[in-house]
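# Residue-level structural notes
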Amino acid sequence: MEKSRPLWDNPLQFVFACISYAVGLGNVWRFPYLCQMYGGGGFLIPYFIMLIAEGMPLLYLELAVGQRMRQGSIGAWKIISPYLCGVGVASVIVSFFLSMYYNVINAWAFWYLFHSFQEPLPWATCPLNSNRTGYEEECEKTSTTQYFWYRQTLNISPSLEASGSVQWEQALCLTLAWLVVYLCILRGTESTGKVVYVTASLPYCVLIIYLIRGLTLHGAVNGLVYMFTPKLEQLSNPKTWISAATQIFFSLGLGFGSLIAFASYNEPSNNCERHAIIVSLINSTTSIFASIVTFSIYGFKATFNYESCISKVILLLMNAFDLEEGSLTADNLSEMKDYLMATHPQEYAQLSPQLKNCSLEAELDTAVQGTGLAFIIYSEAIKNMEVPQLYSVLYFVMLLMLGIGSMLGNTAAILTPLTDSRVIAARFPKEVISGVVCFINCVIGLIFTMEAGNYWFDIFNDYAATLSLLLIVLVETIAVCYIYGIRRFEKDLQTMIGRKPNWYWKVMWAFASPLLIISLFIFYLTDYILTGTLQYQAWDATQGQLVTKDYPGYALAVIGLLVAASTMCIPLGALVTFIRKRLKRESVPTVA
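What you see is a predicted model, and the numbers here were worked out from it, not measured in a lab.

### Things to note about the overall build of the chain
Within the chain, the regular secondary structure consists of 26 helices and 2 strands. Buried positions account for 55% of the 592 residues belonging to the chain. Counting contacts in the chain only where the partners sit at least 6 residues apart, residues at least 24 apart contribute 82% of the total. When the accessible area of the chain is evaluated, it comes to approximately 25,900 Å², of which 63% is carbon and sulfur surface. In the chain, 35 side chains carry a positive charge and 40 a negative one; their mean positions are 21 Å apart.

Listed below in structure tokens is the structure:
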């Protein structure tokens, strides 16, 4: 059976597959946000400490397990111990949940890409109202980019309870996204191995173009100074360290079973230690690189908004007090406001509510992550660039490559255990198994294209994987070190790569990494308990902004099921194995 197992064409193909999977949207829209929130350049200190203490060791462990056992997640952990079969099942379920909603991001990227060829860009101006006498009221109350996202893309409902109907444009984009994924995974490593060269390398080409363009934008320096100025006082904040550890953990894609699946197609003698170091360093370097690009564009956007605000205030004051043109500038604005307030107190007091307090620092302090950064902040910056259509196309092609690359890993985590199963593989060809998995995911994913779909997206994004993955990886490390045995694992590694792991790897596997995971698990569990009633951000069209609402009872039930569906597999798998062994022992006839 082992001889017939498909293999990567070469080690480079495997590395590209891991990079394509690990380097995803989180590097672009999550890491810059964490830098902004937790000390700018100072955040890199806990980030790299967590990379050394948690990221590299756990990545190496998963790659080594996959390469040694030459099975997907279910088969690999079953070989280590029959009682651990539930660990692999839990990984498959988490990957299934992730695939259900993650490809919706690719659908949105397709939607924006198709609209990027218009002149002007559809999110650059507000549409006219039905009477064609003015602009849409909702758009005037918010920004053009927010209106395009919440109304024209999502057509979002006011709450989770108002589910609405499926948006057929988004449903078509989702179908297209799943069709692309299916074509990429159609023949397993044979087709995936070719695709990863594009999905892993093209985003870097786009980021380099954006870096060159970003550094030449007016105000880019403001963003970069803001990013690289370390706020070392944040190092005393426990959330800084928790956020660094969490980012490393989820960015590398640990616990999903994707890395085990990819490594199972390696030659047994492949140097997985070297590849673990390469992939983790490239992943972290990409996060920093993407942050430089993001903050240069963020600086441009903040400076543009700040200068627009100043211009509006100057125009308002000049018209109200009939000042000479050129007498009021950005440099003397503060002094002139004080002078006008002293000489014309009544007129100034009437005008005061309309005068905004313009601040570049406040613009830079506005922290946005996730879809808000990817589809609102970036599109707002793009619309103000020269030749915005070109940069829009490049940006959304990059998002697609990052999203599809991650989807290849997510689907591999589901498909590899299925194709490893003799019962399934003997009855159905690989193309049919892949097609069924994609079809089921696509049909269920239509939930996220409804008017309330974005709220369900947030539920899955926030709760489907967090606690589950921490528990899965904790059990993995304990299983390898204390059930399989670290000395036995050492011998396996010596057989594969020609040398035993040094003290660093063993200390991290046996002590440091498990303690870190337990700390994260306790933090998240405590945070959920202390939060009380779980809440979400809903779009209020009448105000043109997000408002906080409590999750309804059935949504809380779904959240509970999402967490329980995967985590309960671990004890249930052990229990079922124990019962089977007990029944088998009792059924064996005793010899008199």
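Anyway, onward from the coordinates.
### With respect to the state of the cysteines
A complete count under the given rule lists 2 disulfides for this structure. Here Cys 126 pairs with Cys 139 through a disulfide, and the sulfurs are 2.0 Å apart. On the S-S bond that ties Cys 126 to Cys 139, the torsion sits near -80°, and the link is left-handed. In this pair, Cys 126 sits in the loop between helix H6 (85-115) and helix H7 (137-141) while Cys 139 sits in helix H7, placing the two residues 13 residues apart along the sequence. Just as Cys 126 is buried, Cys 139 falls in that class too. Across the disulfide from Cys 309 sits Cys 358; the S-S distance is 1.9 Å. Because the torsion about its S-S bond is -80°, the bridge between Cys 309 and Cys 358 counts as left-handed. On the criterion of sequence distance, the pair formed by Cys 309 in helix H14 (residues 272-321) and Cys 358 in the loop between helix H16 (345-351) and helix H17 (360-365) is long-range, its members being 49 residues apart.

### Some details on the pairing of strand S2 (residues 545-550)
Pairing of strand S1 (residues 535-540) with S2, which is carried by 6 bridges, proceeds in the antiparallel orientation. Of the residues in S2, the one forming a bridge with Asp 540 is Gln 545. Here S1 hands over to S2 after 4 residues, with Gly 544 in that stretch at a positive phi of 70°.

### Notes on helix H22 (residues 453-463)
Burial within H22 is extensive, with 8 of its 11 residues counted as buried. Restricting attention to buried positions, one finds in H22 the residues Gly 453, Asn 454, Tyr 455, Trp 456, Phe 457, Ile 459, Phe 460 and Tyr 463.

### Description of the packing of aromatic side chains
Two descriptors summarise a pair of aromatic rings, namely the distance from one centre to the other and the angle between the planes of the rings. Evaluated as defined, the whole model comprises 46 aromatic pairs. Ring centres of Tyr 47 and Phe 48 lie 5.5 Å apart, and the angle between their planes is 80°; on these two criteria the pair is classed as edge-to-face. Taking 6.3 Å as the distance between ring centres and 50° as the angle between the ring planes, the aromatic pair formed by Phe 300 and Phe 304 counts as tilted. Linking Phe 300 with Phe 304, this pair stays in helix H14, spanning 4 residues, or about one helical turn. What makes Phe 300 buried here is its relative accessible area of 8%. The class of Phe 304 is partly exposed, set by a relative accessible area of 35%. Above the face of the Tyr 298 ring, Lys 301 is positioned so that its terminal group lies 5.7 Å from the ring centre.

### Observations regarding the environment of Leu 470
Mapped onto the fold, Leu 470 is located in helix H23 (residues 466-497). Exposure remark for Leu 470: the relative accessible area of 0% places this residue in the buried category. Along the chain, Leu 470 and Thr 246 lie 224 residues apart, while their C-alpha atoms are 9.6 Å from each other. Setting aside residues no more than four positions away along its own chain, Leu 470 makes contact with Phe 249, Ile 517, Leu 520, Phe 521 and Tyr 524.

### A few points about the side chain of Glu 54
Among the structural elements, Glu 54 can be located in helix H4 (residues 44-69). No salt bridge is formed by the buried Glu 54; its nearest oppositely charged neighbour, Arg 30, is found at 12 Å. Beyond its immediate stretch of four places on either side in the chain, Glu 54 contacts Ala 245, Ile 248, Phe 249, Ser 513, Leu 516 and Leu 520.

### Some points on a nonpolar patch on the surface
A cluster of nonpolar residues, Ile 478, Tyr 482, Trp 503, Val 507, Phe 511, Leu 515, Ile 518 and Ile 522, forms a patch on the protein surface that exposes about 840 Å² of accessible area. Secondary structure elements with two or more residues in the nonpolar patch: H23 and helix H24 (503-531). For the nonpolar patch, the leading source of residues is H24, giving 6 residues. Considering the arrangement of structural elements, one finds Tyr 482 in helix H23. Of the residues examined, Tyr 482 reaches a relative accessible area of 49% and is grouped as partly exposed.

### Points about the side chain of Asp 492
Take Asp 492: it is sitting in helix H23. For Asp 492, a relative accessible area of 9% corresponds to the buried category. Residue contacts for Asp 492: discarding those within four places in its chain leaves Arg 68 and Tyr 484.

### Let's talk about the UniProt feature "binding site: Na(+)" (unreviewed entry) in the chain
The positions UniProt marks with the feature "binding site: Na(+)" (unreviewed entry) are Ala 22, Val 23, Asn 27, Ser 251, Asn 283, Leu 402 and Ser 406. Across 385 residues, the annotated set stays spatially compact, with a maximum C-alpha separation of 12.8 Å. As for its position among the elements, Ser 251 is in helix H12 (residues 238-251). Judged by its relative accessible area of 11%, Ser 251 is buried. Ignoring any residue separated from it by four or fewer positions in sequence, one finds Ser 251 in contact with Ala 22, Asn 27 and Asn 283. Tracing the chain through its elements places Asn 283 in helix H14. A relative accessible area of 1% places Asn 283 in the buried class. When residues no more than four places from it in sequence are discounted, the contact partners of Asn 283 are Ala 22, Val 23, Asn 27, Tyr 47, Ser 251 and Leu 252.

### Description of the nonpolar core
Counting 182 residues, the largest nonpolar core has Tyr 210 and Phe 375 as the members making the most contacts within it. Considering every element that reaches this core, the biggest residue donor is H6, with 18 residues. What Tyr 210 contacts, discounting residues up to four positions off in sequence, is Val 293, Ile 297, Ile 382, Met 385, Tyr 391, Ser 392, Leu 394 and Tyr 395. Within the second largest apolar cluster, 15 residues are counted, among which are Cys 309, Leu 317, Tyr 348 and Leu 355.

### Comments concerning H4
Along its 26 residues, H4 runs 35 Å from first to last C-alpha, staying within 8% of the 38 Å computed at 1.5 Å per residue. Along H4, the sharpest change in direction is near 45° and occurs at Leu 51. Among the 26 residues in H4, 21 count as buried, and that is most of the element. Looking at the residues trailing H4, positive phi occurs at Arg 70, about 55°.

### Considerations on the pattern of salt bridges
Per the counting criterion, the structure on display carries 9 salt bridges. Between Arg 187 and Glu 431 there is a salt bridge, with the nearest N and O atoms lying 3.3 Å from each other. Of this pair, Arg 187 sits in the loop between helix H9 (168-185) and helix H10 (189-215) while Glu 431 sits in helix H21 (residues 430-445), and the two are 244 residues apart along the sequence. Under the relative-accessibility criterion, Arg 187 is labelled partly exposed at 45%. Of the residues examined, Glu 431 reaches a relative accessible area of 28% and is grouped as partly exposed. Between Arg 582 and Glu 586 there is a salt bridge, with the nearest N and O atoms lying 3.7 Å from each other.

Reading the values: rules and limits
Residues numbered from 1 in each chain as written. Predicted model: local features only at pLDDT ≥ 70, side-chain atom pairs only at ≥ 80, totals over all residues. Heavy atoms only, no water. Helix = DSSP H or I, 4+ residues; strand = E, 2+ residues; numbered from the N terminus. Buried < 20%, exposed > 50% of the residue type's maximum accessible area, 1.4 Å probe, protein only. Contact = heavy atoms within 4.5 Å. Areas by Shrake-Rupley, 256 points an atom, 1.4 Å probe, with all protein chains shown as cover. Lys, Arg positive; Asp, Glu negative; His and termini not counted. Charge placed at Lys NZ, Arg CZ, Asp CG, Glu CD. Disulfide = S-S within 2.5 Å. Pairing = 2+ DSSP bridges. Phe/Tyr/Trp six-rings, centres within 6.5 Å; stacked < 30°, edge-to-face > 60°. Lys NZ or Arg CZ within 6 Å of the ring centre and 35° of its normal. Salt bridge = Lys/Arg side-chain N within 4 Å of Asp/Glu carboxyl O. Patch = residues over 30% accessible without salt bridge, like charges linked within 9 Å, V, L, I, M, F, W, Y side chains within 5 Å. UniProt positions renumbered as here; feature names shortened; annotations may be inferred. Core = buried A, V, L, I, M, F, W, Y, C linked by side-chain atoms within 4.5 Å. Expected span 1.5 Å × (residues − 1). Bend = angle between axes of the 7 residues up to and from the residue.

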